[in-house]
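Architecture and fold: a report
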Amino acid sequence: MVNLNGNLLEDSKATLSLKNRGYAYGDALFETIRVNSGDILFWEDHYFRLMASMRILRMQIPMQFTPEFLEKEISGLIKENGLSNSSARVKLMVHRVSGGLYAPTSNEVEYSITTSQLDSGFYQIIDQANEVTLFKDHYIITDLLSTLKSNNKIVNVLGGIFAAENGFDNCLLMNSNKMIIEALNGNLFLVKDNKIKTPPISDGCLKGVLRTQLLRILEKLPEYEVEEASVSPFELQKADELFITNVIGGIQPITKFRKKEYDTKISRRLLGVLNASIRLGN
């Protein structure tokens with residue numbers, strides 16, 4: 001079952017018009033959310049990111065779009081699909097209503113919610129190769145719109161095709177200033193000695209929810225020095241560790257870039273702290 005504008009429908013009956021603006025123009029936003037046994041992780045951060053993104057895109061926020069309303073819509077669909085005692089991936093999508101060409105005739109929105117089951121209850125690191133390369137065919141513009149989780153992800157799509165065709169597990173994306181900003185599916189962190197560095201939002205990387213969580217955790221760990229600063233390609237091979245963060249997979253260590261192989265000691269430790277904070281409800 002899926003939720004389409006508050007109506008629970010079977011997947012085969014949940015259809016969209018060819019005039020849907022999310023399909024026709026990429027005029028849509030989405031949140032990818034992890035739910036563990038009915039508990040929506042980091043819900044407040046997801047909600048406020050969605051609201052801020054809708055304002056940036058000049059979408060009209062419905063009066064009913066309170067945190068409580070959307071949380072109830074997600075929880076109801078989770079229960080309907082028999083996932084209350086499982087871990088699930090939820091995709092909440094908001095698109096402007098049909099009408100107009102590039103310029104819309106209305107800023108009102110519609111929404112949809114879909115779910116799928118996940119294998120593990122908490123975040124874990126799977127011992128397997130995760131070799132990355134740079135994707136240089138196209139670049140991300142250093143702009144506020146690049147930080148939004150919108151439907152305009154063609155660079156990520158092409159990067160995924162490039163990785164698959166060339167035997168890599170992931171690609172690192174670069175902005176128009178040739179700085180590293182993120183991976184195809186999450187934010188990037190570098191570890192060198194006791195310093196942990198991640199590209200700043202101003203460089204055009206996604207304002208990731210788990211990125212935010214991890215930065216909050218690191219503030220409480222005085223043994224690490226944290227820096228949000230531009231990352232050049234030359235820094236990658238000097239790092240002790242590289243890892244990717246997103247709300248579905250948690251922390252995913254990169255094992256190899258070019259001829260450099262990386263440790264996973266600190267990323268494993270941080271994953272343990274992250275899981276502990278989830279258990280405590282932080």
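Below you will find a few notes about this structure. For clarity, every value in this text was computed on a predicted model and none was experimentally measured.

1. A few points about the overall build of the chain
When its secondary structure is counted, the chain shows seven helices and 16 strands. Projecting the C-alpha coordinates of the chain onto the three principal axes gives extents of approximately 50 × 40 × 35 Å. For the chain, the proportion of its 282 residues judged to be buried stands at 49%. Within the chain, contacts between residues separated by at least 24 positions form 70% of all contacts whose residues are at least 6 apart in sequence. Total accessible area on the chain stands at roughly 14300 Å², and carbon and sulfur atoms take up 51% of it. For the chain, the distance from the average site of its 32 positive side-chain charges to the average site of its 33 negative ones is 3 Å.

2. Side note on unusual backbone geometry
One non-glycine residue with positive phi stands out, namely Arg58, at about 60°. Summarising the element assignment, Arg58 is placed in the loop between helix 2 (43-56) and helix 3 (67-80). For Lys178, which is not glycine, the phi dihedral falls at a positive 65°. With respect to the helices and strands, the residue Lys178 is situated in the loop between strand 8 (170-174) and strand 9 (180-183).

3. Looking at the side chain of Asp27
Along the polypeptide, Asp27 turns up in the loop between helix 1 (21-25) and strand 3 (28-36). Residue Asp27 is classed as buried on the basis of its relative accessible area of 10%. A polar side-chain atom of Asp27 sits 2.9 Å from a polar atom in the side chain of Arg21. Of the polar contacts made by the side chain of Asp27, one reaches the side chain of Arg96; its length is 2.7 Å. Ignoring any residue separated from it by four or fewer positions in sequence, one finds Asp27 in contact with Arg21, Gly22, Met59, His95 and Arg96.

4. As for helix 5 (residues 209-219)
Counting buried positions along helix 5 yields eight of 11 residues, so the element is predominantly enclosed. Val209, Leu210, Arg211, Gln213, Leu214, Leu215, Ile217 and Leu218 are the residues of helix 5 that are buried.

5. Topic: helix 7 (residues 265-279)
In a regular helix each residue adds 1.5 Å, so 15 residues correspond to 21 Å; helix 7 covers 22 Å between its end C-alpha atoms and thus fits that length. Of the residues making up helix 7, those classed as buried are Ile266, Ser267, Leu270, Leu271, Leu274, Asn275, Ser277 and Ile278. Against the buried residues of helix 7 lie strand 10 (186-192), strand 11 (195-198), helix 5, strand 13 (241-246) and strand 14 (250-254).

6. As for the sheet that holds strand 4 (residues 39-40)
Judged by pairing direction, the sheet is antiparallel, and its six strands sit side by side in the order 2-1-6-5-3-4 without closing on themselves. Each edge of the sheet is formed by a strand with only one pairing partner; in this case those strands are strand 2 (7-9) and strand 4. Note that strand 3 and strand 5 (residues 87-96) share nine bridges and pair antiparallel. Each residue of the ladder has a partner; that of Phe30, found in strand 5, is Met93. Contacting strand 1 (2-4), strand 2, strand 3, strand 4, strand 5 and strand 6 (109-118), helix 3 crosses the sheet at an angle of about 40° to strand 6.

7. Concerning the side chain of Asn246
Within the element layout of this structure, Asn246 appears in strand 13. A relative accessible area of 14% places Asn246 in the buried class. Of note is the side chain of Asn246, whose polar atom sits 3.1 Å from the backbone nitrogen of Ile248. The contacts of Asn246, once residues within four sequence positions are left out, are Tyr123, Asn185, Gly186, Leu210 and Gln252.

8. Observations regarding the packing of helix 2 against helix 3
The interhelical angle for the contact between helix 2 and helix 3, taken along N-to-C directions, is 115°, at an axis separation of 11 Å. In terms of their interaxial angle, helix 2 and helix 3 are classed as roughly perpendicular. Our pair here, helix 2 against helix 3, has a crossing hand that is right-handed. Here helix 2 contributes Trp43, Tyr47, Leu50 and Met51 to the contact with helix 3, which in turn contributes Pro67, Leu70, Glu71 and Ile74.

9. Here we look at the pattern of salt bridges
If you walk through the whole model with that rule in mind, you get 11 salt bridges. In this structure, Lys192 engages Asp240 in a salt bridge whose closest nitrogen and oxygen atoms are separated by 3.8 Å. Taken together, the residues span a long stretch of sequence, with Lys192 in strand 10 and Asp240 in the loop between helix 6 (233-236) and strand 13 at a distance of 48 residues. By relative accessible area, Lys192 is classed as partly exposed at 41%. Overlapping salt bridges bring together Arg21, Asp27 and Arg96 as one network.

What counts and what doesn't
- Residues numbered from 1 in each chain as written.
- Predicted model: local features only at pLDDT ≥ 70, side-chain atom pairs only at ≥ 80, totals over all residues.
- Heavy atoms only, no water.
- Helix = DSSP H or I, 4+ residues; strand = E, 2+ residues; numbered from the N terminus.
- Buried < 20%, exposed > 50% of the residue type's maximum accessible area, 1.4 Å probe, protein only.
- Contact = heavy atoms within 4.5 Å.
- Areas by Shrake-Rupley, 256 points an atom, 1.4 Å probe, with all protein chains shown as cover.
- Lys, Arg positive; Asp, Glu negative; His and termini not counted.
- Charge placed at Lys NZ, Arg CZ, Asp CG, Glu CD.
- Polar contact = N/O pair within 3.5 Å; in protein donor to acceptor, adjacent residues only side chain to side chain.
- Expected span 1.5 Å × (residues − 1).
- Pairing = 2+ DSSP bridges.
- Axes fitted to C-alpha atoms, helices over the stretch in contact; angles between N-to-C directions.
- Parallel < 35°, antiparallel > 145°, perpendicular 65-115°, else oblique.
- Left-handed = near helix turned anticlockwise from the far one by under 90°.
- Salt bridge = Lys/Arg side-chain N within 4 Å of Asp/Glu carboxyl O.

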